[in-house]
Amino acid sequence: MAQLRHEPLTDPIGCIIHDTDLRQVTDNEVAQIKAALRKHLVIFFRDQQLTPRNLFDLASKLGTPAPYPFVDGLAGLPEVVEIVKQPEDTVNFGGVWHSDTAYLEEPAMGALLYGVDIPREGGDTLFANMYAVLESLSPELRLFLKNLRAVNDADKAAISQTRPGTHRKGLKACHPVVRTHPETQRELLYINRAHTTHFENWTAEESTPLLDFLCQRIEQPEFGCRFKWEPGSLAFWDNRACQHFPINDYDGHLRRMLRISFAGKRPV
């Protein structure tokens, strides 16, 4: 069986897979892509020519496509959403370090993001390995965190301000601070700056110092990679095991992406 050619971005996270036409992936290639995702947490492809239908068909081979709570999908393809920043916009959608839909009882397993119109400069996305972040903490702190649960709120100002025009309110869920990945059985840190408001049975005031420390740790470059988008680029990330941050440094330019979320399971 032909083996896909991998180009790791950094040791902690990220890999580019070359010489693959995602419009016609074989079962063998799908299996290799899923294995690469387990290893690298986010994988990238260049020079793809994907229509919304192509993207949906690909997603259906990789997982279970699911609607996104805050953006209506395309006509006939409700799972495919368009994420657009117009030249006159100054805020980019989701422009805070985050794990997608942590405010749901069953957060997304992952997502596909495809670049359609991309600025010549700017708009890179950062990713962070949440296994590595947890493993960087002292054994005593890791043990302490395993006894905590955290509340995640879709209406937290840090992230809700990046979703102008959305009106859905009240999505909130409580999850373990240290969760176990359902496929690898490895433990990882599961809080994020965008959605986590406080620890269960703690006040926000009590929670803030520890949450700030953990979020600052997540954002250290040693745990991450940086991806430069081009038209036709596609990212596939494991939302359970990594976080991401879209950099907002391209005001005055159009950026248009297509996105699909995958249904996930309750964190444990």
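The coordinates are above.
Residues numbered from 1 in each chain as written. Predicted model: local features only at pLDDT ≥ 70, side-chain atom pairs only at ≥ 80, totals over all residues. Heavy atoms only, no water.

A. Geometry of the layout of surface pockets. Taken as a whole, the second largest pocket spans an internal volume of roughly 170 Å³. Lining the second largest pocket, in full, are Lys-34, Leu-37, Arg-38, Leu-62, Gly-63, Thr-64, Met-109, Glu-183, Phe-236, Asp-238, Arg-240 and Ala-263. Among the elements that line the lining of the second largest pocket, the one with the most residues is helix α1 (residues 27-40), at three residues. Looking at the lining of the second largest pocket residue by residue, the classes come out as five nonpolar, two polar and five charged. (1 Å grid on protein atoms, 1.4 Å probe; cavity = no way out; pocket = protein on both sides within 12 Å on 5 of 7 lines; lining within 4 Å. Points joined across faces, edges and corners; volume = space filled by probe spheres on them. Helix = DSSP H or I, 4+ residues; strand = E, 2+ residues; numbered from the N terminus. Nonpolar A, V, L, I, M, F, W, Y, C, P; charged D, E, K, R; others polar.)

B. Summary view of the pairing of strand β7 (residues 125-129). The element β7 is largely enclosed, with a buried count of five among its five residues. Burial of β7 is two-sided: the residues Thr-125, Phe-127 and Asn-129 facing one way and the residues Leu-126 and Ala-128 facing the other way are all buried. Pairing of β7 with strand β13 (residues 224-227) involves four bridges; the strand directions are antiparallel. Paired with Leu-126 across the two strands is Arg-226, which belongs to β13. Where β7 meets strand β15 (residues 242-246), five bridges bridge the pair, whose relative direction is antiparallel. Counted as the bridge partner of Phe-127 is His-244 from β15. (Buried < 20%, exposed > 50% of the residue type's maximum accessible area, 1.4 Å probe, protein only. Pairing = 2+ DSSP bridges.)

C. Empty space enclosed by the protein, seen in detail. As enumerated under the stated definition, the model contains one cavity of 30 Å³ or more in all. As for the largest cavity, its lining consists of 26 residues, of which Ile-83, Phe-93, Gly-94, Pro-246 and Arg-259 are closest to the centre. When contributions to the lining of the largest cavity are tallied by element, the ones reaching two or more residues are β5 (81-85), β7, β15 and β16 (255-262).

D. Structural context of the packing of aromatic side chains. For the structure shown, the criterion picks out eleven aromatic pairs. Aromatic pair Phe-44 and Phe-127: ring centres 5.6 Å apart, planes at 65°, arrangement edge-to-face. Of this pair, Phe-44 sits in strand β3 (residues 42-45) while Phe-127 sits in strand β7, and the two are 83 residues apart along the sequence. Exposure remark for Phe-44: the relative accessible area of 0% places this residue in the buried category. Their ring planes at 80° and their centres at 5.7 Å tell us that Phe-70 and Tyr-103 sit as a pair that is edge-to-face. Of this pair, Phe-70 sits in the loop between β4 (65-66) and β5 while Tyr-103 sits in the loop between β5 and β6 (110-117), placing them 33 residues apart in sequence. An aromatic cluster of at least three residues, connected via ring pairs, comprises Phe-44, Phe-127, Phe-227, Trp-229 and Trp-237. Looking at Arg-186, its charged tip hangs above the ring of Tyr-131, at a distance of 3.9 Å from the centre. A cation over a ring is seen here: Arg-259 above Tyr-68, with NZ or CZ 4.9 Å from the ring centre. (Phe/Tyr/Trp six-rings, centres within 6.5 Å; stacked < 30°, edge-to-face > 60°. Lys NZ or Arg CZ within 6 Å of the ring centre and 35° of its normal.)

E. Expanded view of the side chain of Glu-29. Among the structural elements, Glu-29 can be located in helix α1. For the buried residue Glu-29, which engages in no salt bridge, the nearest side chain bearing the opposite charge is Lys-61, 8.0 Å off. If near-sequence neighbours (up to four positions away) are discounted, Glu-29 is found in contact with Leu-4, Thr-20 and Gln-24. (Lys, Arg positive; Asp, Glu negative; His and termini not counted. Salt bridge = Lys/Arg side-chain N within 4 Å of Asp/Glu carboxyl O. Contact = heavy atoms within 4.5 Å.)

F. Fine view of the sheet that holds strand β8 (residues 149-153). The strand order across the open sheet built from three strands is β9-β8-β12, with neighbouring strands paired in antiparallel fashion. Strands with a single pairing partner mark the edges of an open sheet, and in this sheet they are β9 (172-176) and β12 (196-199). Along the sheet, successive strands turn relative to each other by an average axial angle of 30°, direction set aside. Two strands pair when backbone bridges link them, and β8 and β12 are joined in this way by three bridges, in the antiparallel orientation. In the strand pairing of β12, Ala-150 is matched with Phe-199. (Axes fitted to C-alpha atoms, helices over the stretch in contact; angles between N-to-C directions.)

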